[in-house]
Amino acid sequence: MQALIALSRFIGNTFAVWVLLFAVMAFFQPSWFLPLTAWIVPLLGLIMFGMGLTLKGADFQEVARRPLAVLLGVLAQFIIMPCTAWLLCQAFALPPEIAVGVILVGCCPGGTASNVITWFARGDLALSVSITAVTTLLAPLVTPALIWLLASEWLPVSFNAMFISILKMVLLPIALGLIAQRLLGERVKTAVEVLPLISVVSIVAIVAAVVAASQGKIAESGLLIMAVVMLHNGIGLGLGYLAGRLFGMSLAQRKTLSIEVGMQNSGLGAALASAHFSPLAAVPSALFSVWHNLSGPLLATIYRRMSQDSEKSSS
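Remember, it's a predicted structure, so these values are computed and weren't measured experimentally. Residue numbers restart at each chain and count upward from 1, following the sequence in its written direction. Given that the model is predicted, a residue must reach a pLDDT of at least 70 before its local features are reported, and side-chain atom pairs must reach 80 or more before they are shown or counted; all residues, however, enter totals for whole chains, interfaces and linings. Side-chain metrics rest on all non-hydrogen atoms present in the structure, leaving aside hydrogens and water.

A. Just the nonpolar core, in detail. Of all hydrophobic cores here, the largest spans 95 residues; its most connected members are Ile103 and Val207. The element that contributes the greatest number of residues to this core is helix α12 (residues 195–213), accounting for 12 residues. By definition, residues are in contact when any of their heavy atoms lie within 4.5 Å. Once residues within four sequence positions are removed from consideration, Ile103 is found in contact with Ala85, Trp86, Cys89, Leu150, Ala151 and Trp154. What makes a nonpolar core is a set of buried Ala, Val, Leu, Ile, Met, Phe, Trp, Tyr and Cys residues whose side-chain atoms join them at distances within 4.5 Å. Accessible area is worked out with a 1.4 Å probe on protein chains only. A residue is then buried under 20% of its type maximum, exposed over 50%, and partly exposed in between. Helical segments are the DSSP runs of H or I of at least four residues, strand segments are the runs of E of at least two, and each set is numbered from the N terminus.

B. Structural context of the layout of surface pockets. A pocket, in this scheme, is an open set of points on a 1 Å grid over the protein atoms alone with protein on both sides within 12 Å along at least 5 of 7 lines, while a cavity is a set where a 1.4 Å probe fits but cannot get out; residues line either one if an atom lies within 4 Å of a point. Grid points are joined across faces, edges and corners, and a volume is the space filled by probe spheres set on the points. There is about 280 Å³ of room inside the second largest pocket. What lines the second largest pocket is a set of 14 residues, and nearest its centre among them are Phe27, Ile218, Gly222, Met226 and Leu287. Element by element, the count of residues in the lining of the second largest pocket is highest for helix α13 (residues 215–246), at 7 residues. For the lining of the second largest pocket, a count of residues per class yields 11 nonpolar, 2 polar and 1 charged. Residues are grouped as follows: nonpolar covers Ala, Val, Leu, Ile, Met, Phe, Trp, Tyr, Cys and Pro; charged covers Asp, Glu, Lys and Arg; every other residue, Gly included, is treated as polar.

C. Expanded view of helix α4 (residues 40–54). Here, expected helix span is obtained from the residue count minus one, scaled by 1.5 Å. Spanning 15 residues, α4 covers 22 Å between terminal C-alpha atoms, matching the ideal 21 Å at 1.5 Å per step. Listing the buried residues of α4 in full gives Ile40, Leu43, Leu44, Gly45, Ile47, Met48, Gly50, Met51, Gly52 and Leu53.

D. View of the packing of α4 against helix α15 (residues 266–276). Lines are fitted to the C-alpha atoms to define the axes, a helix being fitted only along its stretch in contact, and any angle between axes, read from their N-to-C directions, falls within 0 to 180 degrees. Contact pair α4 / α15: the axes reach a minimum separation of 9 Å and the direction vectors enclose 150 degrees. In terms of orientation, α4 and α15 fall into the roughly antiparallel class. Crossing angle aside, the handedness with which α4 passes α15 is left-handed. In contact with Ile40, Val41 and Leu44 of α4, α15 contributes Gly267, Leu268, Ala271 and Ser274. Roughly parallel here means an angle under 35 degrees, roughly antiparallel means over 145, roughly perpendicular means 65 to 115, and every remaining angle is called oblique. Should the near helix be turned counterclockwise from the far one by less than a right angle, the crossing is left-handed, whereas a clockwise turn marks it as right-handed.

This is the structure we're talking about:
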């Protein structure tokens, strides 16, 4: 078991490498990964079940202790990324399915990887976990509403169908994880130790499935989609930091807000796009997953070297 835990930590620490490697493999050998398309939704459910296993009451204490900081993070998440996605779709005159895919990933809640990146960046980890938890729990209502509002001009969007899908994909697995945590007590700790391995394998499989299913379209317009994804992520990271500065947050909190806003639950985006639109609509989410797992650690390395004192001396 110790060897498995050590492997899990290694895989979790090299997340970006595996996502990139298997995305490239899926592009050049799509037939190897096409069977995984049927497993996209169950794999996302497994990730959310793992989140339920790790959630604690303390994760929500920040909401009561620092409600304004959490509220700012939630509002920034659900305003900056969706609006940026819509503006990019307009600016690049994206085709309907790609535009919907970009907006879809922009309307998703924050990803759990943001908590690891925040920790590495020496940000406010408790605030990060709280914002991720709150945006995830709000997602069944907020995400479909935002997608309907922003994406309906390109393709028909069913709020009810998406609401039910997110309940099944997100809230039900999280609830089951919380129940399992309560029933198993201390015995759940061993399972939590290997969660990084399960999460990485699941995300890698989702990305590989989406890339394989849309290999031809990616070959045609992959560079355009990748450029939009990189801009989307970069603008989110930058505006998240500026929002924290505008509202007088500490440096650690600004780092947190930047990472929370810029890093999305791209697995949910890919699953929703595959279920309600097309494999092509899932491509922005897949490429976002590849890119933000590269840009996040890079930015965290820069943030890690920043300190409140050095910032004051330079201002």
